[in-house]
Amino acid sequence: MSVYEDLHGYFLEDLKVGMTELYAKTITESDIVMYAGISGDTNPVHLNAEFAEKTIFKERIAHGMLSAGLLSTVFGTKLPGPGAIYMSQNLNFKAPVCIGDTVVARATLREINGKRVTFDCVCTIGETVVLDGEATLMVSRRP
């Protein structure tokens, strides 16, 4: 086997509709601060407790894209895994994520269409859906 094959995740031939993977992460203060630094999104609802307590959320909330990024972890490391290329993503934000919340990002393979695969995506905190949507990725065939 080659290094490429050793490091590669699933190849197209290995995928089956219904396959599911997940990644869970407890969101920390440092996650939010580092995400603000990396993205440049310094909206005070994420960083300033005094400001945030006057919003509908009553406390600081994590960036929505921080939770969405957990789906990228699933795609890049688990399913389809290394070698998959993100093509598109749509997201519907449903509920806030706060410091200390554990977000579970789950992707379920819905459709295989040529080299493109579509996943149903959902992030939850317990039974609460915080975001949902779908993603399309390109996956290589076995060499």
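- In the nomenclature of an unreviewed UniProt entry, the protein is known as MaoC family dehydratase of Sneathiella sedimenti.

## Remarks on the overall build of the protein
Here is step 1: Across its full length, the protein holds 5 helices and 5 strands.
Here is step 2: Buried positions account for 34% of the 143 residues belonging to the protein.
Here is step 3: Intrachain contacts of the protein at a sequence separation of at least 6 include 66% that bridge at least 24 residues.
Here is step 4: Only carbon and sulfur atoms are counted for the fraction: they give 55% of the accessible area of the protein, which is about 7,800 Å².
Here is step 5: Looking at charge distribution, the protein has the averaged site of its 13 positive side-chain charges lying 4 Å from that of its 17 negative ones.

## Observations regarding helix α5 (residues 64-77)
Here is step 1: The end-to-end C-alpha distance of α5, which contains 14 residues, comes to 21 Å, matching closely the 20 Å that a straight helix rising 1.5 Å per residue would cover.
Here is step 2: Those residues of α5 lying buried are Leu-66, Ser-67, Ala-68, Leu-70, Leu-71, Val-74 and Phe-75.

## A look at the sheet that holds strand β5 (residues 128-138)
Hydrogen bonds between backbone atoms are what pair the strands of a sheet, whose relative direction is either parallel or antiparallel.
Here is step 1: With antiparallel pairing, the 5 strands of this open sheet are ordered in space as β1-β3-β4-β5-β2. Both outer strands of the open sheet, β1 (20-26) and β2 (85-93), are each paired with one neighbouring strand and no more. Adjacent strand axes in the sheet meet at a mean angle of 20° when their direction is disregarded.
Here is step 2: By the bridge criterion, 10 bridges tie strand β4 (residues 116-125) to β5 in an arrangement that is antiparallel. Counted as the bridge partner of Asp-120 is Glu-134 from β5.
Here is step 3: On top of the sheet, α5 reaches β1, β2, β3 (102-113), β4 and β5; it is set at about 140° to β2, its chief contact.

## Some thoughts on the UniProt feature "domain: MaoC-like" (unreviewed entry) in the protein
Here is step 1: Mapped onto this numbering, the UniProt entry annotates "domain: MaoC-like" (unreviewed entry) at residues 24-117.
Here is step 2: Between the C-alpha atoms that bound residues 24-117 there is a distance of 23 Å. The span itself is 35% helix and 28% strand.

## Structural notes on the environment of Ile-85
Here is step 1: Within the secondary structure, Ile-85 sits in strand β2.
Here is step 2: It is 9.4 Å that separates the C-alpha atoms of Ile-85 and Arg-116, two residues lying 31 residues apart in sequence.
Here is step 3: Residues within four places of Ile-85 in sequence aside, it is in contact with Thr-136, Leu-137 and Met-138.

## Overview of the pattern of salt bridges
Here is step 1: Under the counting rule described, the total for this entry stands at 6 salt bridges.
Here is step 2: Measuring nitrogen to oxygen at the nearest pair gives 2.9 Å for the salt bridge that ties Asp-31 to Lys-25.
Here is step 3: Of the residues examined, Lys-25 reaches a relative accessible area of 25% and is grouped as partly exposed.
Here is step 4: Between Arg-110 and Asp-120 there is a salt bridge, and its shortest N-O distance comes to 2.6 Å.

## Notes on the nonpolar core
Here is step 1: In this structure, Leu-15, Phe-75, Val-117 and Phe-119 are the most contacted members of the largest nonpolar core, which totals 28 residues.
Here is step 2: Sorting the residues of this core by element identifies α5, β3, β4 and β5 as the ones contributing at least two each.
Here is step 3: Broken down by element, the residue count for this core peaks at 6 residues, all from α5.

Analysis parameters
- Residues numbered from 1 in each chain as written.
- Predicted model: local features only at pLDDT ≥ 70, side-chain atom pairs only at ≥ 80, totals over all residues.
- Heavy atoms only, no water.
- Helix = DSSP H or I, 4+ residues; strand = E, 2+ residues; numbered from the N terminus.
- Buried < 20%, exposed > 50% of the residue type's maximum accessible area, 1.4 Å probe, protein only.
- Contact = heavy atoms within 4.5 Å.
- Areas by Shrake-Rupley, 256 points an atom, 1.4 Å probe, with all protein chains shown as cover.
- Lys, Arg positive; Asp, Glu negative; His and termini not counted.
- Charge placed at Lys NZ, Arg CZ, Asp CG, Glu CD.
- Expected span 1.5 Å × (residues − 1).
- Pairing = 2+ DSSP bridges.
- Axes fitted to C-alpha atoms, helices over the stretch in contact; angles between N-to-C directions.
- UniProt positions renumbered as here; feature names shortened; annotations may be inferred.
- Salt bridge = Lys/Arg side-chain N within 4 Å of Asp/Glu carboxyl O.
- Core = buried A, V, L, I, M, F, W, Y, C linked by side-chain atoms within 4.5 Å.

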